[in-house]
Amino acid sequence: ALKDAGVKEFVLSNRTEKKAMKIVKAFGLEEAEIVDWEARSSALNNVTMLVNCSSLGMTGQPPLVIDLSALPRKSVVCDIVYSPLATPLLANAKARGNPVAEGLSMLLHQGRLGFKQWFRIDPAVTRELYEEVAACVK
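To keep things clear, this report deals only with the structure shown in the data block. (Residues numbered from 1 in each chain as written. Predicted model: local features only at pLDDT ≥ 70, side-chain atom pairs only at ≥ 80, totals over all residues. Heavy atoms only, no water.)

1. Remarks on the overall build of the chain
Point 1. For the chain, the count of helices and strands is four helices and five strands.
Point 2. Secondary structure of the chain in N-to-C order comes out as β-α-β-β-β-α-β-α-α.
Point 3. Within the chain, the proportion of its 138 residues that are buried is 28%.
Point 4. By sequence separation, contacts in the chain at least 24 residues apart represent 53% of the contacts at least 6 residues apart.
Point 5. Put simply, the chain shows about 9500 Å² of open surface, and 58% of that area lies on carbon and sulfur atoms.
Point 6. Between the mean site of the 17 positive side-chain charges and the mean site of the 15 negative ones, the chain shows a separation of 2 Å. (Helix = DSSP H or I, 4+ residues; strand = E, 2+ residues; numbered from the N terminus. Buried < 20%, exposed > 50% of the residue type's maximum accessible area, 1.4 Å probe, protein only. Contact = heavy atoms within 4.5 Å. Areas by Shrake-Rupley, 256 points an atom, 1.4 Å probe, with all protein chains shown as cover. Lys, Arg positive; Asp, Glu negative; His and termini not counted. Charge placed at Lys NZ, Arg CZ, Asp CG, Glu CD.)

See the structure below:
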């Protein structure tokens, strides 16, 4: 989605280099900068959006350990994790003053697109729907 929206520069850090390369190929991000997992915190100084696309931080999983001190305060921090809604990553970013986006909204909008493809009905993602689903998240 970011590439389709016109984002030109990507910095990718994965726990394994092999998986990072697989992601680069799958999404056509050949120009992406791949940063070693151990260096992930130091690669944040020019980032405008940090997106956690891993299960780290999900209920039952260890948290994503990352030092946000190099991240500019105007940079958006997104976490695809939706359980819990407020992951340690998002809590830390919000405490620093970064704008944040949690995973439940992303999940609902992805679900909307899938529902539309399957049933040819485009359901609305409303505040009421969000709150109903959020009440089920632990």
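There is more to say, and it comes next.
2. A word on the nonpolar core
Point 1. Of all hydrophobic cores here, the largest spans 13 residues; its most connected members are Leu-44, Leu-68, Val-77 and Leu-89.
Point 2. Sort the elements by how many residues they give to this core and helix α2 (residues 88–96) lands first, with three residues.
Point 3. Leaving out residues up to four positions away in the same chain, Leu-68 has contacts with Leu-44, Leu-50, Leu-89, Asn-92, Ala-93 and Arg-96.
Point 4. In this structure, Leu-12, Val-24, Leu-29 and Ala-32 belong to the second largest nonpolar core, which totals five residues. (Core = buried A, V, L, I, M, F, W, Y, C linked by side-chain atoms within 4.5 Å.)

3. Examining a positive patch on the surface
Point 1. Together, Arg-15, Lys-18, Lys-19 and Lys-22 line one region of the surface with positive charge.
Point 2. With respect to the helices, strands and loops of the structure, Lys-22 is situated in helix α1 (residues 17–26).
Point 3. Lys-22 sits in the exposed class, given a relative accessible area of 63%. (Patch = residues over 30% accessible without salt bridge, like charges linked within 9 Å, V, L, I, M, F, W, Y side chains within 5 Å. Salt bridge = Lys/Arg side-chain N within 4 Å of Asp/Glu carboxyl O.)

4. Section: the pairing of strand β3 (residues 49–52)
If a strand is regular, its side chains alternate between the two faces of the sheet.
Point 1. Burial along β3 is one-sided: Leu-50 and Asn-52 are buried, and none of Met-49 and Val-51, which face the opposite way, are.
Point 2. When β3 meets strand β4 (residues 76–79), the two strands line up parallel, connected through four bridges. Bridging across to β4, Met-49 finds its partner in Val-76. (Pairing = 2+ DSSP bridges.)

5. What to know about the side chain of Asn-14
Point 1. Mapped onto the elements, Asn-14 comes out in the loop between β1 (11–13) and α1.
Point 2. Within polar-contact distance, the side chain of Asn-14 engages the backbone nitrogen of Thr-16 at 3.0 Å.
Point 3. For Asn-14, the residues in contact, after removing those within four places along its chain, are Lys-19, Ala-20, Ile-23, Val-35 and Trp-37. (Polar contact = N/O pair within 3.5 Å; in protein donor to acceptor, adjacent residues only side chain to side chain.)

6. A closer look at the packing of helix α3 (residues 103–119) against helix α4 (residues 127–134)
Point 1. As a packed pair, α3 and α4 sit with axes 11 Å apart at the nearest point and diverge in direction by 115 degrees. Crossing angle aside, the handedness with which α3 passes α4 is right-handed. In this structure, α3 contributes Leu-104, Ser-105 and Leu-108 to the contact, and α4 contributes Leu-129, Tyr-130, Val-133 and Ala-134.
Point 2. By residue class, the composition of the contact of α3 with α4 is six nonpolar, one polar and no charged. (Axes fitted to C-alpha atoms, helices over the stretch in contact; angles between N-to-C directions. Left-handed = near helix turned anticlockwise from the far one by under 90°. Nonpolar A, V, L, I, M, F, W, Y, C, P; charged D, E, K, R; others polar.)

7. Observations regarding a nonpolar patch on the surface
Point 1. Taken together, the side chains of Leu-2, Val-7, Met-49, Val-51 and Ile-80 define a hydrophobic patch exposed on the protein surface, amounting to about 330 Å² of accessible area.
Point 2. By relative accessible area, Met-49 is classed as partly exposed at 35%.

8. Here's the deal with the sheet that holds β4
The pairing of strands in a sheet comes from backbone hydrogen bonds and takes either a parallel or an antiparallel form.
Point 1. Across the sheet, which stays open at both edges, the three strands sit in the order β3-β4-β5 with parallel pairing between neighbours. Unpaired on one side and paired on the other, β3 and β5 (100–101) mark the two borders of the sheet.
Point 2. The strands touched by α2 are β3, β4 and β5; relative to β4, the strand with the most contacts, the crossing angle is about 165 degrees.

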